[in-house]
Amino acid sequence: MRLEKCWFCSSTIYPGHGIQFVRNDAKIFRFCRSKCHKNFKMKRNPRKVKWTKAYRRLHGKDMTQDSTFEFERKRNRPERYDRNLAENTLKAIKKIDKISSDRQKHHISSRLNTGKVKRRKEAKNELNQSIHMIKAPSVIKEDSSLTLPKIKVKVSQTLAEENQPMEE
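In short, a report on the structure. (Residues numbered from 1 in each chain as written. Predicted model: local features only at pLDDT ≥ 70, side-chain atom pairs only at ≥ 80, totals over all residues. Heavy atoms only, no water.)

## Some remarks on the overall build of the protein
Stated formally: The helix and strand labels rest on DSSP assignments: H or I over at least four residues marks a helix, E over at least two residues marks a strand, and numbering proceeds from the N terminus. Per-residue accessibility, obtained with a 1.4 Å probe over protein chains only, is compared with the maximum for each type, and a residue is labelled buried under 20%, exposed over 50%, and partly exposed between these values. Any pair of residues with heavy atoms lying within 4.5 Å of one another is described as a contacting pair. Only the protein chains shown count as cover for residues, and all accessible areas are computed by the Shrake-Rupley method using a 1.4 Å probe.
Tallying secondary structure elements over the protein gives six helices and four strands in all. Mapped from its N terminus to its C terminus, the protein presents α and β elements in the order β-β-β-β-α-α-α-α-α-α. Each of the 168 residues in the protein was classed as buried or not, and the buried ones make up 16%. Contacts spanning at least 24 positions in sequence make up 38% of the contacts within the protein whose residues lie at least 6 apart. For the protein, the computed accessible surface area is about 15,600 Å², with 53% contributed by carbon and sulfur atoms.

Put into structure tokens, the structure is as follows:
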């Protein structure tokens, strides 16, 4: 059973499913559903359409480089059947699948952590800006830990600016 990839969205196409389009130069395009086929006919770029795999990979939402992707590559060279080789291959597929799913989980969690840090930083800034809504101003003045330290900066004026009258 040969599983094909959709040209537009990169999802798998099972036998008997999808649409196949052959261009005049004999290039074959396979689509998983009419949505992909219509987008192709409208000459949309899959890298700019948000729901495609190409967009997700380009914008860092999916993993792009991993050694487990090498095993998913399509190979057109036929192999002679060997029972031991088939058993070992099935065992390896399970291991590789587990490894790739673990790496995918790690990738997702690391992406979520950056969002957590960003949200926490924004919340801290908002709290510093609107502390007067939570605490009374008299309490803030008394407790120095609730306010940021004020720094005095000396600003020097040049002599030319002092003597010049204002222009109208």
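## A short note on the side chain of Asn39
For clarity, the threshold we go by: Polar contacts, as used here, are pairs of N or O atoms within 3.5 Å; protein pairs need one atom able to donate a hydrogen and one able to accept it. Residues neighboring in sequence count only if both atoms are side-chain atoms.
Relative to the helices and strands, Asn39 resides in helix α1 (residues 34-41). Only 2.8 Å separates the side chain of Asn39 from the backbone oxygen of Lys35, close enough to count as a polar contact. The residues touching Asn39, leaving out its near neighbours within four places in the chain, are Phe8, Arg44 and Trp51.

## Some thoughts on α1
As a reminder, the rule being used: When we speak of the arc, we mean the arc of directions from the helix axis to the C-beta atoms.
Listed in full, the buried residues belonging to α1 are Cys36, His37, Asn39 and Phe40. Looking down the long axis of α1, one finds its buried residues gathered within 165° of arc, a one-sided arrangement. On its buried face, α1 sits against β3 (19-22) and β4 (28-31). Looking one or two residues past α1, Lys43 carries a phi angle of roughly 60°, positive in sign.

## Some words on the nonpolar core
Stated formally: Among the buried residues, those of types Ala, Val, Leu, Ile, Met, Phe, Trp, Tyr and Cys that are joined through side-chain atoms within 4.5 Å form a nonpolar core.
Counting residues in each nonpolar core, the largest one holds 10 residues, listed as Cys6, Phe8, Cys9, Ile13, Phe29, Phe31, Cys32, Cys36, Phe40 and Val49. Counting residues per element, the ones that place at least two in this core are β4 and α1. Excluding its chain neighbours within four sequence positions, the residues that come into contact with Cys32 are Cys6, Cys9, Ser11, Ile13 and Gly18.

## Section: the side chain of His37
Within the secondary structure, His37 sits in helix α1. On the accessibility criterion, His37 (15% relative accessible area) is buried. When neighbours within four sequence positions are excluded, His37 is seen to be in contact with Ile19, Phe21 and Phe31.

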